[in-house]
Amino acid sequence: MDNCVFCKIVRGEIPSERIYEDTEVFAFHDIHPAAQVHFMLIPKLHIGSLAEVEDKHRSLLGEMMVLVPKLAREQGCMDGFRTVINTGRVGGQEVYHLHIHVIGGRDRLPAMIPHPK
Ligand code: AMP
(Lines give C-alpha, C1' and ligand atoms only; values in the text may rest on other atoms or scores of the structure.)
Protein backbone atom coordinates (compact mmCIF):
# COMPACT_ATOMS: atom_id res chain seq x y z
CA MET A 1 0.00 0.00 0.00
CA ASP A 2 1.53 3.28 -1.13
CA ASN A 3 0.77 5.42 1.91
CA CYS A 4 0.97 2.85 4.67
CA VAL A 5 3.73 3.74 7.18
CA PHE A 6 4.56 0.11 7.93
CA CYS A 7 4.64 -0.83 4.23
CA LYS A 8 7.11 2.04 3.81
CA ILE A 9 9.22 0.62 6.65
CA VAL A 10 9.20 -2.80 4.96
CA ARG A 11 10.30 -1.19 1.68
CA GLY A 12 13.03 0.79 3.45
CA GLU A 13 11.46 4.14 2.54
CA ILE A 14 11.17 5.04 6.23
CA PRO A 15 14.06 4.13 8.54
CA SER A 16 13.47 1.64 11.33
CA GLU A 17 15.46 -0.25 13.91
CA ARG A 18 15.02 -3.68 12.37
CA ILE A 19 15.49 -6.73 14.55
CA TYR A 20 14.32 -9.48 12.18
CA GLU A 21 13.26 -9.99 8.59
CA ASP A 22 12.41 -12.94 6.36
CA THR A 23 10.38 -13.29 3.19
CA GLU A 24 7.05 -12.98 5.01
CA VAL A 25 7.55 -10.83 8.09
CA PHE A 26 9.46 -7.87 9.49
CA ALA A 27 10.16 -6.85 13.10
CA PHE A 28 11.39 -3.49 14.40
CA HIS A 29 11.55 -1.44 17.58
CA ASP A 30 8.61 0.78 18.40
CA ILE A 31 9.53 4.44 17.99
CA HIS A 32 7.77 5.26 21.29
CA PRO A 33 8.61 2.29 23.51
CA ALA A 34 6.17 1.56 26.32
CA ALA A 35 8.74 -0.52 28.24
CA GLN A 36 12.41 -1.55 28.15
CA VAL A 37 11.58 -3.94 25.32
CA HIS A 38 8.96 -2.93 22.80
CA PHE A 39 9.04 -4.15 19.26
CA MET A 40 6.52 -4.82 16.54
CA LEU A 41 6.16 -7.89 14.38
CA ILE A 42 4.32 -7.31 11.12
CA PRO A 43 3.52 -9.25 7.98
CA LYS A 44 5.11 -7.81 4.85
CA LEU A 45 1.76 -8.33 3.17
CA HIS A 46 -0.52 -5.38 3.82
CA ILE A 47 -3.37 -6.57 6.02
CA GLY A 48 -5.19 -3.59 7.52
CA SER A 49 -5.95 -5.13 10.89
CA LEU A 50 -6.75 -8.36 12.67
CA ALA A 51 -10.37 -7.75 11.68
CA GLU A 52 -9.34 -8.25 8.03
CA VAL A 53 -7.64 -11.59 8.55
CA GLU A 54 -8.95 -14.47 6.43
CA ASP A 55 -8.46 -18.23 6.20
CA LYS A 56 -5.73 -17.74 3.59
CA HIS A 57 -3.59 -15.99 6.23
CA ARG A 58 -3.43 -19.00 8.58
CA SER A 59 0.16 -20.03 7.91
CA LEU A 60 1.40 -16.43 7.93
CA LEU A 61 -0.19 -15.82 11.33
CA GLY A 62 1.18 -19.13 12.56
CA GLU A 63 4.67 -18.11 11.52
CA MET A 64 4.26 -14.83 13.38
CA MET A 65 3.07 -16.49 16.58
CA VAL A 66 5.97 -18.93 16.53
CA LEU A 67 8.43 -16.08 16.02
CA VAL A 68 7.13 -13.95 18.89
CA PRO A 69 8.70 -15.92 21.80
CA LYS A 70 11.96 -16.43 19.88
CA LEU A 71 12.36 -12.74 19.13
CA ALA A 72 11.19 -11.77 22.63
CA ARG A 73 13.93 -13.93 24.17
CA GLU A 74 16.52 -12.50 21.79
CA GLN A 75 15.48 -9.01 22.88
CA GLY A 76 15.95 -9.88 26.55
CA CYS A 77 12.48 -10.95 27.68
CA MET A 78 13.60 -13.84 29.87
CA ASP A 79 10.68 -13.90 32.27
CA GLY A 80 7.65 -13.19 30.12
CA PHE A 81 6.30 -10.48 27.91
CA ARG A 82 3.00 -9.03 26.72
CA THR A 83 1.58 -9.21 23.22
CA VAL A 84 -0.96 -6.64 22.07
CA ILE A 85 -2.86 -6.37 18.80
CA ASN A 86 -4.89 -3.17 18.78
CA THR A 87 -7.74 -3.57 16.31
CA GLY A 88 -9.90 -0.86 14.78
CA ARG A 89 -11.28 2.30 16.35
CA VAL A 90 -12.51 0.65 19.52
CA GLY A 91 -9.20 -1.17 19.94
CA GLY A 92 -7.29 2.11 19.63
CA GLN A 93 -5.42 1.10 16.48
CA GLU A 94 -3.36 3.96 15.08
CA VAL A 95 -1.49 2.32 12.22
CA TYR A 96 -3.73 0.30 9.91
CA HIS A 97 -1.28 -2.45 9.04
CA LEU A 98 -1.62 -5.54 11.21
CA HIS A 99 1.06 -5.60 13.91
CA ILE A 100 1.79 -7.50 17.09
CA HIS A 101 3.30 -5.37 19.85
CA VAL A 102 5.73 -7.34 21.99
CA ILE A 103 6.38 -5.55 25.27
CA GLY A 104 8.51 -6.56 28.23
CA GLY A 105 11.77 -6.13 30.09
CA ARG A 106 12.83 -6.52 33.69
CA ASP A 107 9.81 -5.09 35.46
CA ARG A 108 6.32 -6.50 35.75
CA LEU A 109 3.97 -4.58 33.47
CA PRO A 110 0.92 -2.88 34.96
CA ALA A 111 -2.35 -4.76 34.59
CA MET A 112 -3.87 -3.92 31.23
CA ILE A 113 -7.41 -4.43 32.42
CA PRO A 114 -7.82 -3.64 36.12
CA HIS A 115 -9.48 -6.47 38.00
CA PRO A 116 -11.83 -5.83 40.92
CA LYS A 117 -10.27 -7.06 44.17
P1 AMP B 1 -1.26 0.91 17.30
O2 AMP B 1 -1.97 1.85 18.23
O3 AMP B 1 -1.34 -0.50 17.79
O4 AMP B 1 -1.69 1.08 15.87
O5 AMP B 1 0.27 1.28 17.44
C6 AMP B 1 1.06 1.79 16.43
C7 AMP B 1 2.46 1.84 16.97
O8 AMP B 1 3.33 2.13 15.92
C9 AMP B 1 2.70 2.89 18.07
O10 AMP B 1 3.16 2.24 19.25
C11 AMP B 1 3.76 3.80 17.45
O12 AMP B 1 4.70 4.25 18.40
C13 AMP B 1 4.40 2.90 16.42
N14 AMP B 1 4.99 3.58 15.28
C15 AMP B 1 4.40 4.48 14.47
N16 AMP B 1 5.25 4.90 13.52
C17 AMP B 1 6.41 4.21 13.74
C18 AMP B 1 7.69 4.20 13.09
N19 AMP B 1 7.94 4.97 12.03
N20 AMP B 1 8.64 3.39 13.59
C21 AMP B 1 8.40 2.61 14.66
N22 AMP B 1 7.21 2.57 15.30
C23 AMP B 1 6.24 3.37 14.86
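Now for a description of the structure that goes with this document. (Residues numbered from 1 in each chain as written. Predicted model: local features only at pLDDT ≥ 70, side-chain atom pairs only at ≥ 80, totals over all residues. Heavy atoms only, no water.)

1. Some thoughts on the packing of aromatic side chains
So, step 1. Counted by the stated rule, this structure contains 2 aromatic pairs.
So, step 2. Between the aromatic rings of Phe6 and Phe28, the centroid separation amounts to 5.2 Å while the plane-to-plane angle is 80°, which identifies the pairing as edge-to-face. Of this pair, Phe6 sits in helix 1 (residues 5–11) while Phe28 is found in strand 2 (residues 25–29), placing the two residues 22 residues apart along the sequence.
So, step 3. For Phe6, a relative accessible area of 6% corresponds to the buried category.
So, step 4. The buried category is assigned to Phe28, whose relative accessible area is 3%.
So, step 5. Taken together, a centroid distance of 6.0 Å and an interplanar angle of 55° make the contact between Phe26 and Phe28 tilted. (Phe/Tyr/Trp six-rings, centres within 6.5 Å; stacked < 30°, edge-to-face > 60°. Helix = DSSP H or I, 4+ residues; strand = E, 2+ residues; numbered from the N terminus. Buried < 20%, exposed > 50% of the residue type's maximum accessible area, 1.4 Å probe, protein only.)

2. A look at helix 2 (residues 58–74)
So, step 1. The terminal C-alpha atoms of helix 2 lie 25 Å apart, and with 17 residues this matches the ideal 24 Å at 1.5 Å per residue to within 8%.
So, step 2. Three or more residues of helix 2 are buried, namely Leu60, Met64, Leu67, Val68, Leu71 and Ala72.
So, step 3. Residues of helix 2 that are buried sit in contact with strand 1 (18–21), strand 2, strand 3 (37–43), strand 4 (81–84) and strand 5 (100–104).
So, step 4. At the C-terminal side of helix 2, Gly76 shows a positive phi close to 105°. (Expected span 1.5 Å × (residues − 1). Contact = heavy atoms within 4.5 Å.)

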